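Listed here are the chains, written in short residue letters.
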Amino acid sequence: MAKVAVLGYGTVGSGVVEVLDVNAKEVSESAGEKIEVKYILDLRDFPGDKHETQVVHDINIILDDPEIEVICETMGGIEPAFSFEKSALERGKSVCTSNKELVAKCGPELVELAKKNGASFLFEASVGGGIPLLRTINDSMKHEKIDSITGILNGTTNYILTKMDREGMGFATVLKAAQDKGYAEKNPEADVEGYDACRKIAILSSLMSGKHVNYEDIYTEGISRISIEDFDYARALNMSIKLLGICKRGESGYSSIVSPFLIPNENPLANVNGVFNAVNVHGNMLGDVMFYGKGAGKNATASAVVADVIDIIKHRGRHIDVNLKSEELTLSPKDNTVRQFFVRVQEDVRNQAVEVFGSGIEEVKGENVHGEFAFLTGDLSEKDFWERLRKLDSVKGYLRLY
Ligand code: HSE
């Protein structure tokens, strides 16, 4: 019998307890022994809850109990989660977590600490929720040279973009409706401005490169500037608009970005809708593999945490190696990346746009948009694109092409 503690009895934490309850038989068959939640750490009490007697308010009860082998940290945020995890690892207790902020910021330090103390630090649920992605990259694909990872990594923004496209409603209206239904946070900034996806692609970039990619180095744009007119043009181009997190390995090193992209409809990522996440990984020998599933939500995310617990129990006494290293990676500057862009200007600056971007541009006509000139550029470096864009008197919008 293995005994674990859950830190934080919120959505994911209560999900972990539920998965261990509901799938107790399957969990025990998979781990080779029963797994029991001995403690649940939370500031609150939960009178009437099936697990109310396991709730404690003092982390030291958990840290001081030699029976506890694994700690599931599902509190989120940097502190006190970091201190709790650090203390647990220092005592040889393994940690698994869904906390992407903490993994992106302090992951390598926690992995090293785990190694030093013969424990493990796993974080499957921090990227792509329930999708078994990190373990596959870290295990089944460990022998591959990964060329690129491209993902729809945030369910909230994918839900908003899907609604805007299908129902022709503006960003603010859809966001409000999503908040009313509980699909979007009251403070939606981390999701809509791309910060959440940025942390996730930082974790993936680190695993891919074997060095630490600082999320603050990743150029990040969110979706708040996307309008229903953009979708009109996307339809004319037979494309979709998706918030993508991308990491690529090129001749000049690794480059990462989070931004809304126009993506051709024949690409499977263009057809990932609603709250779903999807990630394409390209290995040099394997080629493309796609992962698709629920990137958020109580049970899906909790299932990934439980998968980590089982892995740790199955490898008791051994450190499970993950490719998260402390050596910092300097990303290739965004300015060098070459791609096509889509630009919208007011009709009265058409001539200026043609002069600035050259006669090779290709006009795009939106079915329901008037008084604008929209066009696709040829291949340009980001630096070149921005220098040209700044010369225009009135820009109504732009998008990158995938
Ligand atoms: N806010 C995140 C999302 C939750 O919408 O995808 C999962 O990390």
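Summary of the structure given here. Just so it is clear, the model here is predicted, and its values are computed rather than measured.

## Points about helix 14 (residues 382-389)
Working step 1: Regarding helix 14, the residues found buried are Glu-382, Phe-385, Trp-386 and Leu-389. An end-on view of helix 14 places all buried positions within 95° of arc, on one side of the element.

## Regarding the layout of surface pockets
Working step 1: One number sums up the size of the largest pocket: a volume of about 1200 Å³.
Working step 2: Along the walls of the largest pocket sit 39 residues, with Lys-100, Glu-185, Asp-191, Asp-196 and Ala-296 positioned nearest its centre.
Working step 3: Counting residues per element, the ones that place at least two in the lining of the largest pocket are helix 1 (11-22), helix 5 (100-116), helix 7 (155-167), helix 9 (189-192), helix 10 (195-209) and helix 12 (298-314).
Working step 4: Element by element, the count of residues in the lining of the largest pocket is highest for helix 10, at 4 residues.
Working step 5: Each of domain 1 (2-130 + 298-314) and domain 2 (140-294) contributes no fewer than three residues to the lining of the largest pocket.
Working step 6: Approximately 420 Å³ is the volume attributed to the second largest pocket.
Working step 7: Forming the boundary of the second largest pocket are 24 residues, of which Lys-248, Ser-255, Ser-256, Thr-337 and Arg-339 lie nearest the centre.
Working step 8: At the level of secondary structure, the elements contributing two or more residues to the lining of the second largest pocket comprise strand 9 (239-250), strand 10 (253-264) and strand 13 (338-339).

## What to know about the site of the ligand
Working step 1: For the ligand, the full set of nearby residues is Lys-100, Asn-154, Gly-155, Thr-156, Asp-191, Asp-196, Lys-200, Gly-295 and Ala-296.
Working step 2: Asn-154 is positioned such that a nitrogen or oxygen atom in its side chain is 3.4 Å from an oxygen atom of the ligand.
Working step 3: Gly-155 places a polar main-chain atom, nitrogen or oxygen, 2.8 Å from an oxygen atom of the ligand.
Working step 4: Out of a free accessible area of 260 Å², the ligand has 81% covered by protein chains.
Working step 5: Given that more than half its atoms are within 2 Å of the pocket grid, the ligand belongs to the largest pocket.
Working step 6: Within the residue set of the shell around the ligand, elements represented by two or more residues are helix 7 and helix 10.
Working step 7: The residue inventory of the shell around the ligand, partitioned by class, reads 1 nonpolar, 4 polar and 4 charged.

## Overview of the side chain of Glu-33
Working step 1: With respect to the helices and strands, Glu-33 occurs in the loop between helix 2 (24-31) and strand 2 (35-41).
Working step 2: Among the residues examined, Glu-33 registers a relative accessible area of 18% and is labelled buried.
Working step 3: There is a polar contact of 3.5 Å between the side chain of Glu-33 and the backbone nitrogen of Ala-2.
Working step 4: Residue contacts for Glu-33: discarding those within four places in its chain leaves Met-1, Ala-2, Val-27, Ser-28, Ile-313 and Arg-316.

Thresholds, definitions, all that
Residues numbered from 1 in each chain as written. Predicted model: local features only at pLDDT ≥ 70, side-chain atom pairs only at ≥ 80, totals over all residues. Heavy atoms only, no water. Buried < 20%, exposed > 50% of the residue type's maximum accessible area, 1.4 Å probe, protein only. Helix = DSSP H or I, 4+ residues; strand = E, 2+ residues; numbered from the N terminus. Arc of directions from axis to C-beta. 1 Å grid on protein atoms, 1.4 Å probe; cavity = no way out; pocket = protein on both sides within 12 Å on 5 of 7 lines; lining within 4 Å. Points joined across faces, edges and corners; volume = space filled by probe spheres on them. Domains from an automatic or database assignment. Near = heavy atom within 4 Å. Polar contact = N/O pair within 3.5 Å; in protein donor to acceptor, adjacent residues only side chain to side chain. Areas by Shrake-Rupley, 256 points an atom, 1.4 Å probe, with all protein chains shown as cover. Sits in = over half its atoms within 2 Å of the grid points. Nonpolar A, V, L, I, M, F, W, Y, C, P; charged D, E, K, R; others polar. Contact = heavy atoms within 4.5 Å.

Such coordinate-based values are descriptive only and should not be taken to indicate function.
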